[in-house]
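Structural overview
Chain by chain, the residues:
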Amino acid sequence: MKAQIEKLFNLSLAKKRRIIGLMSGTSMDGLDIVLCKMEGVGLSTKVEVENFKTIPYEVDFKNTLKTIFANPEANLEDVTLLNAWIARKHAGLVLDTLSDWGIKAKEIDLIASHGQTIFHSPANQHLMADFPNATLQIGDGDHLAVLTDIITLSDFRQKHIAAGGEGAPLAVYGDYLLFSEKAENRILLNIGGISNFTYLPGNLQANEVFSTDVGPGNTLMDQYVFKYFNGLAFDKDAKIAKTGKPDFNLLEELLNFEFFNRPIPKTTGPEVFNIAYLKRAQERSNTQNLKPEDVLCTLCHFTAEAIKMAIESISSLKLAINSNERFECVVYASGGGIHNPLLMELLQSKLQQIKLVDFKNLGILPDAKEAVLFAVLANETIAGEGTLFENNQGVPSVCMGKISLPK
């Protein structure tokens, strides 16, 4: 134990660290594995992405996850078993990937593992007065550490909640450290299972930075395609949605939900935006007999409109504060949703007053971004001195990640 503590101490003083970031999102497409060379901490952090790979999940693996994902009636034994099973699966994928890259495990300093979210339940969602914000990610860090023989940081979201946050989104920390730019207001939009963004002011003031969920990303579209189109994982290139037409009565009801009127920052998840949510909206709008391709097209419009509403709320806020100046902002998009051409066309048309740019212009592959950000969180926990976000709602000034030692 003493030797491992000494290793941690030496890592905290090192000029550079090689960190593997692991990300498995709510869309459950696969595991993102990124190898980063980290130099510095805080706003001086520099990241070099040495390697990146996404390993798609096998159908059986994904279907097993779905038995407990966002399921309030999940079997407790299944949750317990999968906590270890997922970690061991991820450990095997890490070792296989390192072998493919020709890199030995002993050459890696740290693993930063997000784990797999199975339930997210902020207080304004569960509405039980005696209970706090809560979230649960499985994929135990000790299994990863022991099986890979690499110090592992995991379970990042619990400290965020303990310090008064909602456990999401966490991207704000890495976004601020890596992507802030003087004199350019930036919105870093991530369209995963759920859509979220980080706002980075051009004045670099940490107390003005925030991150928020804005509503569904791919989750409803993916769930619908899986159920009504022969178990397809997703609508590749929006081929199905492009054959449909949006129904604006259904769209109105999909947007008729208190979440969209709630002030930001806020969080949500597939526990809310799911097939049951769609069914209720169809009943209220009397659109149960729509053709499936029309429903899917409408769901794509729903995601785009929710993103537009959230971004415009920020624009309106800034205009209200400084009415003599036009709010200018650049939106950098990442996440699986950027591969949906219909969604991106809709966003471009809805955000004509705001510049929409591919995230790769910032020097990191969009698909690697979330895994990189967890590597940044691990780097800050091991070597950082703390970033003060002052009294920002939803952005407690804490380091995150439980440390698991290999021996």
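In what follows, the structure referred to is the one given above.
So, here's what we can say about the structure. Just so you know, these numbers come straight off a predicted model, no measurement behind them. (Residues numbered from 1 in each chain as written. Predicted model: local features only at pLDDT ≥ 70, side-chain atom pairs only at ≥ 80, totals over all residues. Heavy atoms only, no water.)

Considering the packing of helix α2 (residues 59-66) against helix α3 (residues 76-101)
- Contact pair α2 / α3: the axes reach a minimum separation of 12 Å and the direction vectors enclose 150 degrees. Compared by their axis directions, α2 and α3 come out roughly antiparallel. In this structure, α2 meets α3 at a crossing whose hand is left-handed. Along the contact surface, α2 presents Phe61, Thr64 and Leu65, while α3 presents Leu82, Trp85, Ile86 and Lys89. (Axes fitted to C-alpha atoms, helices over the stretch in contact; angles between N-to-C directions. Helix = DSSP H or I, 4+ residues; strand = E, 2+ residues; numbered from the N terminus. Parallel < 35°, antiparallel > 145°, perpendicular 65-115°, else oblique. Left-handed = near helix turned anticlockwise from the far one by under 90°. Contact = heavy atoms within 4.5 Å.)

Focus on the sheet that holds strand β7 (residues 186-191)
- Taken in spatial order, the 5 strands make up an open sheet running β9-β8-β7-β10-β11, and their pairing is mixed. Single-partner strands in this sheet number two, and they are β9 (210-216) and β11 (355-358). The average angle at which neighbouring strand axes cross in this sheet is 25 degrees, direction not considered.
- For β7 and strand β8 (residues 194-200), the ladder comprises 6 bridges, and the chain directions are antiparallel. Counterpart to leucine 189 in the pairing with β8 is phenylalanine 197.
- The sheet strands contacting helix α7 (residues 171-179) are β7, β8 and β9, and the helix crosses β8 at an angle near 40 degrees.
- Packed onto the sheet, helix α12 (residues 341-350) meets β7, β10 (330-334) and β11 and runs at close to 150 degrees relative to β7. (Pairing = 2+ DSSP bridges.)

Digging into the pairing of β10
- With 5 of its 5 residues buried, β10 lies for the most part within the structure.
- Neither face of β10 is open: one carries Val330, Tyr332 and Ser334, the other Val331 and Ala333, and all of them are buried.
- One ladder, built from 4 bridges, connects β10 with β11; its direction is parallel. Residue pairing for β11: valine 331 is matched across the bridge by leucine 356.
- Following the backbone out of β10, through α12 and into the adjacent parallel β11, one traces a crossover that is right-handed. (Buried < 20%, exposed > 50% of the residue type's maximum accessible area, 1.4 Å probe, protein only. Right-handed = clockwise from strand over helix to strand, strands pointing away.)

Quick look at the pattern of salt bridges
- In total, this model carries 11 salt bridges according to the counting rule given.
- Measuring nitrogen to oxygen at the nearest pair gives 2.9 Å for the salt bridge that ties lysine 402 to aspartate 155. Residue lysine 402 is found in strand β12 (residues 402-404), and its partner aspartate 155 is found in the loop between β6 (152-154) and α6 (157-162); the two are separated by 247 residues along the sequence.
- Looking at lysine 402, the relative accessible area reads 44%, which means it is partly exposed.
- Aspartate 155 sits in the partly exposed class, given a relative accessible area of 22%.
- Of the charged contacts, one joins glutamate 305 and lysine 350 as a salt bridge, the two residues approaching to 2.7 Å between their closest N and O atoms. Of this pair, glutamate 305 sits in helix α11 (residues 292-321) while lysine 350 sits in helix α12, and the two are 45 residues apart along the sequence.
- Glutamate 305 sits in the buried class, given a relative accessible area of 14%.
- When salt bridges that share partners are traced, they join Arg18, Glu50 and Glu107 into one network. (Salt bridge = Lys/Arg side-chain N within 4 Å of Asp/Glu carboxyl O.)

Concerning the environment of isoleucine 354
- Considering the arrangement of structural elements, one finds isoleucine 354 in the loop between α12 and β11.
- Each C-alpha atom, one on isoleucine 354 and one on glycine 40, is 33 Å from the other, the two residues being 314 residues apart in sequence.

Focus: the environment of methionine 38
- Within the element layout of this structure, methionine 38 appears in strand β2 (residues 30-39).
- The class for methionine 38 is buried, based on a relative accessible area of 0%.
- On a C-alpha basis, the gap between methionine 38 and arginine 18 in space is 6.1 Å, while along the polypeptide they are 20 residues apart.
- Those residues in contact with methionine 38 that lie beyond four places of it in its chain are Lys15, Lys16, Arg17, Ile19, Thr45, Lys46, Val47, Val372, Ala375, Val376 and Asn379.

What about the pairing of strand β3 (residues 46-56)?
- Alignment of β2 against β3, held across 10 bridges, turns out to be antiparallel. From the neighbouring strand, glycine 30 faces β3, where its bridge partner is proline 56.

Describing the nonpolar core
- Ranked by size, the top nonpolar core spans 52 residues in total, and within it Phe197, Phe273, Phe302 and Leu347 carry the most contacts.
- Tallying contributions element by element places α11 first for this core, with 12 residues.
- Beyond its immediate sequence surroundings of up to four residues, phenylalanine 273 is in contact with Ile194, Gly215, Pro216, Thr219, Leu220, Gln223, Phe257, Phe259, Phe260, Thr268 and Phe302.
- Among the nonpolar cores identified, the runner-up in size contains 43 residues, and Met38, Ala112, Leu153 and Val357 belong to it. (Core = buried A, V, L, I, M, F, W, Y, C linked by side-chain atoms within 4.5 Å.)

Focus on unusual backbone geometry
- At the junction of alanine 168 and proline 169, the peptide bond is cis and its omega measures out at -20 degrees in the coordinates.
- Take proline 169: it is sitting in the loop between α6 and α7.
- At alanine 183, a position not held by glycine, the phi torsion is positive, near 75 degrees.
- You can see alanine 183 is positioned in the loop between α7 and β7.
- Unlike most non-glycine residues, asparagine 286 shows phi in positive territory, near 55 degrees.
- Mapped onto the fold, asparagine 286 is located in the loop between α10 (275-285) and α11.
- Exposure remark for asparagine 286: the relative accessible area of 64% places this residue in the exposed category.

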